[in-house]
Amino acid sequence: MPELHEKLRDIYDEVLDRNPGESEFHQAVHEVLDSLEPVVTKHPEYTDSAVIRRLCEPERQIIFRVPWVDDDGDVQINRGFRVEFNSALGPYKGGLRFHPSVNIGIVKFLGFEQIFKNALTGLPIGGGKGGSDFDPKGRSEGEVMRFCQSFMTELYRHIGEYTDVPAGDIGVGGREIGYLFGQYKRITNRYESGVLTGKGMSWGGSQVRTEATGYGTVYFVEEILRSRDESFDGKNVVVSGSGNVAIYAIEKVHELGGTVVACSDSSGFVTDEKGIDLDLLKQIKEVDRGRIHEYADKRDSAEFSDKGSVWEVACDIAIPAATQNEIDEDLATKLIKNGCTVVAEGANMPATPEAVKQFAEAEVAYAPGKAANAGGVATSALEMQQNASRDTWDLESTEERLATIMRGIHDRCLQTADEYGQPGNYAAGANIAGFIQVSDAMLALGVI
Ligand code: NAP
């Protein structure tokens, strides 16, 4: 990883000392600090007031036991997490991830990223994240429901529409949000819609929330292309994953005239020279909860592979939408060699620092997750606004607001990058703009 400015290096060393073994969290902190040198040079007050050190320490970290009974009558124990990272701009806001890889370091990396992402939306939301090492894959409906109920039986005392508002992430979609909201309502005897986002349309949800992260990422790419007098027309796109973010990114790419030629899940990837058939993909993934090879089994133009990586498939535009660190230096080099000129992160931190360096050197437009995938949390904030006013907005106006927010984030990243002497560097622009917004609020609120 690149060498940091002296004052920032001390802060990073303290983060390493205080949070041993949390490599993803270290990576996320380093990536932000690496952008801040021109800011601390121009504004020493941010280091003098220890605002950066305070930003690196979560306001509150909750770890709890989640006991539940499986279909065989055996007791299972999982671990639950909620990291309430920063509430300078509003209630903590960020998703819940259910995946066996979840640990405190993963939750802290995601929570840290969320602070800056939420600031970039311009909406009044702080940063947090949570989840569990529970694996919903292969579990029955009853098991998923009992797990969610047990998880909420502890979580409910920490959240609330003015305190902390969780949503979905990997392994947590509409089904899980439903069970979580049901249990919250039962325990508290309050129909407090604004306590969770990603709800179903008939019980307090917002139009476009399901689609928002994927659509928003593609709107961001559209702006990058527009700034180069290009469009999606005739472009081949590779999207990793086949979950919530991936599916709706594919949908919007196709609507805007591009062709998604490959997607994946954790068992392998499929290529389809005719373009991914979205109805078939949705049936397999959203309805049957199946595996990606089933797509190739059912479509003549498609091939499945469980060898190599989806990032070896040639494309003009790459949209990683699966998980962290899925593109390393080697895969980045392959993407560039195959002609990829835009990388927009639907997932959080899917490119390693070495991969990002490759993109910069090859002048690939690289849009970091905290900017490119902010459409999901932005629409969650719109869902909170609708809940607070007991209102429901229509599809067109909600989607237009999402598009406007994404265009605004794009422009803000570019303007800030320009202002701090790094034209075209979306990552620097996103980190600096998000940082200044949160830090100014923290300075105003005093040492708390
Ligand atoms: P999801 O619906 O659970 O889908 C995740 C997809 O990624 C699945 O296809 C999954 O494959 C694949 N995947 C997960 N872990 C993997 C691994 N270790 N290796 C290979 N593939 C893996 O989750 P999602 O909501 O789309 O989230 C995807 C990414 O977007 C995450 O980084 C998340 O933090 C980020 N994000 C999500 C939102 C949102 O609103 N949902 C907002 C902002 C950012 P399997 O099914 O085989 O595991």
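Here's what I pulled together on the structure shown here. (Residues numbered from 1 in each chain as written. Predicted model: local features only at pLDDT ≥ 70, side-chain atom pairs only at ≥ 80, totals over all residues. Heavy atoms only, no water.)

1. Remarks on the sheet that holds strand β1 (residues 60-69)
- Spatially, five strands are ordered β1-β2-β4-β3-β5 in an open sheet, and the strand pairing comes out mixed. Strand pairing shows two members of the sheet lacking a second neighbour, β1 and β5 (164-167), which therefore form its edges. Between one strand and the next, the sheet's axes are offset by a mean angle of 20°, whatever the strand orientation.
- Here helix α6 (residues 104-120) sits on the sheet in contact with β1, β2 (75-86), β3 (92-98) and β4 (126-132), set at roughly 150° to β4.
- Along the sheet face, helix α7 (residues 141-155) touches β1, β2, β3, β4 and β5 and points at about 140° away from the line of β1. (Pairing = 2+ DSSP bridges. Helix = DSSP H or I, 4+ residues; strand = E, 2+ residues; numbered from the N terminus. Axes fitted to C-alpha atoms, helices over the stretch in contact; angles between N-to-C directions. Contact = heavy atoms within 4.5 Å.)

2. What about the site of the ligand?
- Looking at the ligand, there are 25 residues lining it, with Asp-169, Thr-213, Ser-266, Arg-291 and Asn-348 nearest.
- One nitrogen or oxygen atom from the main chain of Ser-242 is found 2.9 Å from an oxygen atom belonging to the ligand.
- The side chain of Asn-348 places a nitrogen or oxygen atom 2.8 Å from an oxygen atom of the ligand.
- For the shell around the ligand, the residue count by class is five nonpolar, 13 polar and seven charged. (Near = heavy atom within 4 Å. Polar contact = N/O pair within 3.5 Å; in protein donor to acceptor, adjacent residues only side chain to side chain. Nonpolar A, V, L, I, M, F, W, Y, C, P; charged D, E, K, R; others polar.)

3. Comments concerning the packing of aromatic side chains
- Summed over all chains, the structure comprises 18 aromatic pairs.
- The interplanar angle of 20° and the centroid separation of 5.8 Å between the aromatic rings of Phe-181 and Trp-203 together place this pair among those described as stacked. Of the two residues, Phe-181 is situated in helix α8 (residues 174-188) and Trp-203 in the loop between α8 and α9 (209-227); the sequence distance between them amounts to 22 residues.
- Residue class for Phe-181 comes out buried when judged on its relative accessible area of 3%.
- By relative accessible area, which is 24% here, Trp-203 ends up partly exposed.
- Aromatic ring contacts, followed pair by pair, group Phe-64, Trp-68, Phe-98, Phe-134, Phe-147 and Phe-151 into a single cluster.
- In this structure, Lys-42 packs its charged tip against the face of Tyr-420, placed 4.7 Å from the ring centre.
- Above the plane of the ring of Tyr-215 lies Lys-252, whose end atom (NZ or CZ) is 4.4 Å from the centre. (Phe/Tyr/Trp six-rings, centres within 6.5 Å; stacked < 30°, edge-to-face > 60°. Buried < 20%, exposed > 50% of the residue type's maximum accessible area, 1.4 Å probe, protein only. Lys NZ or Arg CZ within 6 Å of the ring centre and 35° of its normal.)

4. Some words on the sheet that holds strand β9 (residues 302-305)
- The strand order β9-β8-β7-β6-β10-β11-β12 describes an open sheet built from seven strands, whose pairing is mixed. Looking at the sheet topology across the chains shown, the edges are occupied by β9 and β12 (365-367). Sheet twist, expressed as the mean angle between neighbouring strand axes with direction ignored, is 15°.
- In terms of strand pairing, strand β6 (residues 236-239) meets strand β7 (residues 259-265) through three bridges, oriented parallel. Paired with Asn-236 across the strands is Thr-259, a residue of β7.

5. Topic: the layout of surface pockets
- By volume, the second largest pocket amounts to about 870 Å³.
- Within the residue set of the lining of the second largest pocket, elements represented by two or more residues are α2 (23-33), α9, α14 (353-361), β12, α15 (369-372) and α18 (426-445).
- When residues in the lining of the second largest pocket are grouped by element, the largest group, six residues, is from α14.
- Looking at side-chain class alone, the lining of the second largest pocket contains 17 nonpolar, nine polar and nine charged residues. (1 Å grid on protein atoms, 1.4 Å probe; cavity = no way out; pocket = protein on both sides within 12 Å on 5 of 7 lines; lining within 4 Å. Points joined across faces, edges and corners; volume = space filled by probe spheres on them.)

6. Digging into helix α11 (residues 278-287)
- What α11 keeps buried is the set Leu-278, Leu-280, Leu-281, Lys-282, Ile-284 and Lys-285.
- Contacts made by the buried residues of α11 are with α10 (244-255), β7 and α12 (293-297).
- N-capping of α11 is provided by Asp-277, with a side-chain oxygen placed 3.1 Å from the backbone N of Asp-279.
- Of the residues trailing α11, Arg-289 is marked for its positive phi of about 50°.

7. Regarding the pattern of salt bridges
- The final tally for this structure, using the stated rule, is 32 salt bridges.
- One salt bridge in this structure joins Glu-251 and Lys-282, with 2.6 Å as the shortest N-O distance. Placement of the pair is Glu-251 in helix α10 and Lys-282 in helix α11, with a sequence separation of 31 residues.
- Connected via shared salt-bridge partners are Glu-31, Glu-113 and Lys-370. (Salt bridge = Lys/Arg side-chain N within 4 Å of Asp/Glu carboxyl O.)

8. Describing a nonpolar patch on the surface
- On the surface, Val-69, Val-75 and Ile-77 cluster together to form a nonpolar patch covering roughly 270 Å² of accessible area.
- Tracing the backbone through its elements, the reader meets Val-75 in strand β2.
- Judged by its relative accessible area of 57%, Val-75 is exposed. (Patch = residues over 30% accessible without salt bridge, like charges linked within 9 Å, V, L, I, M, F, W, Y side chains within 5 Å. Areas by Shrake-Rupley, 256 points an atom, 1.4 Å probe, with all protein chains shown as cover.)

9. Examining the side chain of Glu-22
- One can find Glu-22 in the loop between α1 (6-18) and α2.
- A polar side-chain atom of Glu-22 sits 2.7 Å from a polar atom in the side chain of Lys-108.
- Once you skip the residues sitting within four places of it in the chain, Glu-22 turns out to touch Ile-104, Gly-105 and Lys-108.

10. A closer look at the side chain of Asp-164
- Counting through the fold element by element, Asp-164 comes out in strand β5.
- We classify Asp-164 as buried; its relative accessible area is 0%.

These figures come from the coordinates and say nothing about function on their own.
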